[in-house]
Amino acid sequence: MKQRIVVVGNGMVGHKFIDNLVSHADAEKYHVITFSEEPRLAYDRVQLSKYFSGSTAEDLALTTSGYYDEKNVEFILKDKVVDIDFENKEVITASGRREAYDKLILATGSFPFVPPIAGNNGEHCLVYRTIEDLEAITYSAARSKVGVVVGGGLLGLEAAAALKASGLETHVVEFAPRLMAVQLDEGGGKLLRRKIEALGVKIHTQKATTEIVAGTEARYRMNFADGSHLETDMILFSAGIRPQDELARKCGIVMGERGGITIDNNCLTSAKDVYAIGECALWQNRIYGLVAPGYQMAKVAVSHITGGAEQFTGADMSTKLKLLGVDVASIGDAHGNTPGSLSYTYSNDVEEVYKRIIVSADNTKLLGAVLVGEVEAYGTLQQMCVNGMDLPDDPNCLILPSVDGAGMAMGVVALPDTAQICSCFDVTKGAICCAVQNGAGTMGDIKAITKASTGCGGCAVLTKQVMDAELIKLGVEVSNHICEHFPHSRHELADIVRIKKIKTFDELLDGHGHGLGCDICKPATASILAAFWNEYVLDEKHIGLQDTNDIFLGNMQKDGTYSIVPRVAGGEITPEKLIVLGQVAKEYKLYTKITGGQRIDLFGAQLHQLPAIWKVLVDAGFETGHAYGKSLRTVKSCVGSTWCRYGVLDSVSMAITLENRYKGVRAPHKIKFGVSGCTRECAEAQSKDFGVIATENGWNLFVCGNGGMRPRHADLFATGLDDATLIKYIDRVMMFYIRTGDRLQRTSVWLENLEGGLAYLKKVVIEDKLSIAEELEAQMQYNIDQYQCEWKTTIENPERLKRFKHFINSDERDDNLAYVAERGQVRPAFKSERESRIELVELAD
Amino acid sequence: MSEKMWISVCEYQDLLPDTGLCALVNKQQIALFNSRRLNEVFAVSNFDPIGEANVLSRGIIGSIGDEVVVASPLYKQHFNLRTGECLEKPEHTIPVYPVRVEDGLVQVQI
Ligand code: SRM
Ligand SMILES: Cc1cc2nc3c(=O)[nH]c(=O)nc-3n(C[C@H](O)[C@H](O)[C@H](O)COP(=O)(O)OP(=O)(O)OC[C@H]3O[C@@H](n4cnc5c(N)ncnc54)[C@H](O)[C@@H]3O)c2cc1C
Ligand code: SF4
Ligand code: FES
């Protein structure tokens, strides 16, 4: 007979328990039945806010019914357990169902606390806990202009970010004198407030709401105890959580004074064979409102049921998160409550960084820390704290910025093998090292093997450090050489070219490489040379370096013919120019298509036709569109304020300005822009390398987005910019990318690999941390000044045109071309069509 | 009669350093390359058997180890310019032709 294990609540922790039990060696001894009040199986509540950036309920799911079926886990959704019959060992649900248990697990989580304020139950008064809550918020936000979050704690600020992202004027109302009062000290709270206010979220501290009544300008009016008030269309309560202990209370299980189901070190409650785990459980008078301690409890309960000896002995409550883009971390005794504790504080109002560490009375151990604005040290500090490691001789070095920007010396090497690196999945340093020893060499490998950093992601930096250190220890050298001809990365080659003012590939190869070069280092060098000196790419010195498309200034198609893509800056085109395109296409029988980049592509031109076609186009005022280059492609625009009733700025003019400014600039990979006239974002700017979105306060700049193979939303880089500042920042980011990017690395991947990430990029570009901003701008200006339409230069030079023939010694054309008609245009014949000799279209000369 | 004729196809100066050109000789498409570093001219078939198009003359030349190669502009497989063998797919070998520079003219034997 299998033991019946009933799990009440299928949230994050309940699911973790089940997952651990069904993966246990003795799994077949147990039959698991789980109940959930929610309409779906467990999902990732920690990532809930991602719902607002496009994640679906499916993306958030932690498990599937298929998986439960496969593991014989019985699950009942939308049915609440309302009673326990201890005598018969049965649970009873709202629908009247009875299930017998041998062991009962309460994993009922918690619920959002809504302060008892008159009027708190309006239609647009909501909370933030479940997917259904988010659906309600989305619905309400679409019908609101102003939103208020009640509660300035961790969840409240996350909720505020969600409202802000939904385009609402956002306020946070907090009872305490500062934000995140639980995790941060006064200095940290103050800086956080400043940063969040700078993002346009309005913060009201020391406000006690007395009532919510009908508003005059907005839907509601909140009246505060101090006589002031605030009008809003929706209210989100995030004033803390309360353990969901109703069921246990009703059945007389021992509870804490202020709620929570009391458990011992085995996670057992006062009732026989009944366990409690997760946010509903109270251990030594503490509730743990984080997922990692809940996972720990799940592990302990499984261990106890299966005869193991694991104990719950408390958990670390350190947290590191990004709230509205602001990095915040809190470690251990952040408030310095330990008697006799001392502290060191570093506060920098200019760079907006605040760091404070709390140390023991004898100045030998780290007790806690608060970090705002820069949290790079989190991993090391948290480990020092949890493992009781000795402080370095001068603890100042833990918070003072290092002069060379290299970061802290206290490496991961000093950590013991038992140090827990990933708390979500309880992965130790030893486990990561072991994976590396068995061949893992990338973060992807480590994630797949150990699961480290696949939960909240907070341990990613540390995990990578441990992996790298172990790789180095094993003597694994990860070569970044571009190819066999140069012992350098693209970044290094770019530095060499720039600093030594190298103008040709031969100079570079003579001085820094060997062999003849190849199809990897040649185009890469061509791109570097063009980026810094921007000479004509078909110049004799450079022509042999150009890849498939650049060498004939067109995109080669599968049969060796070319496509023609003239620039249509910002997607704006006159009827006259459209007619010219039509005439050319007709005359040369070119297949014509509107591209995904708001311009027109003419396909099927033979090599010898290119100059004649471009002559007509250049005469009509067209320029090359660089569809072939690793360079600026298109700047997609929306119609913007000139026509659109919602547009707040002239997005078309800006798009044209940007496209004309950066056309011809070559880079490690292609670069795309989008400019939208308002937050509706019709130009999809957030999927581009550079995205520009108009707001009432000026332009918002997003960077490093990508469509293509691995889509990535661009990151918000700066807000409320005027035209000049916008261009200045783009100049700097782009030139920094050109200098440091890897070969064929889009900006998205570049940013993901940039040490220090977005925060670092901001420091370099906005604060000029490396003192190179002026140089970057000058470099960009130089490049722009060198611009020429390559096609114009080419058709004006008869020597160059000699190469634009299929045969150097004959006017015949390639006899391998074969076209058929389809939907009134041509296309290359398929192999089968050629073989069956179906009727071919006569080509134009 | 065993000696084949040398046929002039273009002027040497048309064949820019480290680039290729295509010539039509006896109805055959021949890709010519000029390696400046080796001071040597190469001639192979212009047909890329993998991409199935006449494009090899438009590829980048270089070296891989000790072999002199051209990379197909379509899918970047490398063909040895001396033997015609494809490095990635040795089941493909392209024809290679004798070539020389005489009196400023590029000549091939076919
Ligand atoms: C023509 C066009 C498709 C169309 O019919 O609409 C097109 C066609 C090609 N794309 Fe594209 N892409 C076109 C818009 C896009 C877009 C949409 C956009 O720009 O808004 C994307 C996704 C957005 C992005 O890049 O983030 C796109 C993502 C790619 C990728 C994947 C890049 C990536 O980072 O994952 C490649 C492959 C690559 O570059 O390595 C690619 C490569 C190509 C190449 C160049 C492949 C090649 O080497 O032959 C195609 C040849 C173009 C030609 O022969 O003229 N194309 N391609 C579009 C030309 C736009 C233009 O006016 O210049
Ligand atoms: C927006 C948000 C962001 C968060 N961010 C973080 C973070 O960054 N880091 C972190 O560590 N934690 C974070 N948390 C907290 C984390 O989500 C919780 O610690 C975790 O979900 C607790 O898991 P649990 O299983 O105890 O409770 P829950 O996940 O809440 O699951 C309890 C489940 O039990 C069900 N239930 C309750 N009573 C019954 C009953 N009688 N019968 C049947 N079913 C019942 C509930 O409907 C619910 O589905 C966040 C939470 C939210 C809401
Ligand atoms: S983004 Fe805004 S301005 Fe542009 S078309 Fe859409 S709604 Fe109009
Ligand atoms: S600590 Fe959350 S994923 Fe590792």
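Residues numbered from 1 in each chain as written. Chains lettered and ligands numbered in written order. Predicted model: local features only at pLDDT ≥ 70, side-chain atom pairs only at ≥ 80, totals over all residues. Heavy atoms only, no water.

All names here are of chain A. The tally for this structure, following the rule as stated, stands at 19 aromatic pairs over all chains. Between Y67 and Y68 the ring centres are 6.3 Å apart and the planes differ by 40°, which places this aromatic pair in the tilted class. Accessibility expressed as a relative area gives 24% for Y67, which makes it partly exposed. Summarising the aromatic geometry, the rings of Y591 and F603 are spaced 5.7 Å apart at their centres and angled 45° between planes, so their arrangement reads as tilted. Placement of the pair is Y591 in strand 31 (residues 591-594) and F603 in strand 32 (residues 600-605), with a sequence separation of twelve residues. Relative accessible area serves as the criterion here: at 27%, Y591 is assigned to the partly exposed category. Here a set of aromatic residues connected by ring pairs shows up, and it is made of F552, Y562, W614, W791 and F804. When the ring centre of W533 is taken as reference, the NZ or CZ atom of K503 above it lies at 4.9 Å. The positively charged end of R680 is found above the aromatic ring belonging to Y646, 3.6 Å away from the centroid. (Phe/Tyr/Trp six-rings, centres within 6.5 Å; stacked < 30°, edge-to-face > 60°. Buried < 20%, exposed > 50% of the residue type's maximum accessible area, 1.4 Å probe, protein only. Helix = DSSP H or I, 4+ residues; strand = E, 2+ residues; numbered from the N terminus. Lys NZ or Arg CZ within 6 Å of the ring centre and 35° of its normal.)

Residue and element names in this part refer to chain A. Packing of helix 13 (residues 490-499) against helix 15 (residues 521-533) brings their axes to within 10 Å, and their N-to-C directions diverge by 45°. Comparing their axes, helix 15 and helix 13 come out oblique. For the element pair helix 13 and helix 15, the recorded crossing hand is right-handed. Listed contacts from helix 15 to R490, L493, A494, V497 and R498 of helix 13 are S527, I528, L529, F532 and W533. A per-class count over the contact of helix 13 with helix 15 returns seven nonpolar, one polar and two charged. (Axes fitted to C-alpha atoms, helices over the stretch in contact; angles between N-to-C directions. Parallel < 35°, antiparallel > 145°, perpendicular 65-115°, else oblique. Left-handed = near helix turned anticlockwise from the far one by under 90°. Contact = heavy atoms within 4.5 Å. Nonpolar A, V, L, I, M, F, W, Y, C, P; charged D, E, K, R; others polar.)

Attention now moves to empty space enclosed by the protein. Applying the stated criterion across every chain, the model contains ten cavities of 30 Å³ or more. Taken as a whole, the largest cavity encloses approximately 80 Å³ of empty space. Taken together, 13 residues form the lining of the largest cavity, with L607, K805 and H806 of chain A together with S57 and R58 of chain B sitting closest to its centre. With three residues, the single largest contributor to the lining of the largest cavity is strand 2 (residues 20-25) of chain B. Residues of the lining of the largest cavity, tallied by class, amount to five nonpolar, five polar and three charged. (1 Å grid on protein atoms, 1.4 Å probe; cavity = no way out; pocket = protein on both sides within 12 Å on 5 of 7 lines; lining within 4 Å. Points joined across faces, edges and corners; volume = space filled by probe spheres on them.)

What follows covers helix 16 (residues 575-587) of chain A. All names here are of chain A. Over its 13 residues, helix 16 runs 18 Å from end to end, which matches the ideal 18 Å to within 8%, given 1.5 Å per residue. Listed in full, the buried residues belonging to helix 16 are V580, L581, V584 and A585. Angular distribution of buried residues about the axis of helix 16 spans 130°; they occupy a single face of the element. In this structure, helix 16 carries P575, E576, Q583, K586 and E587 as exposed residues pointing more than 90 degrees from its buried face. Where helix 16 is buried, its residues meet strand 31, strand 32 and helix 17 (610-619). Where helix 16 ends, the next residue or the one after it, K589, has phi of about 50°, a positive value. (Expected span 1.5 Å × (residues − 1). Arc of directions from axis to C-beta.)

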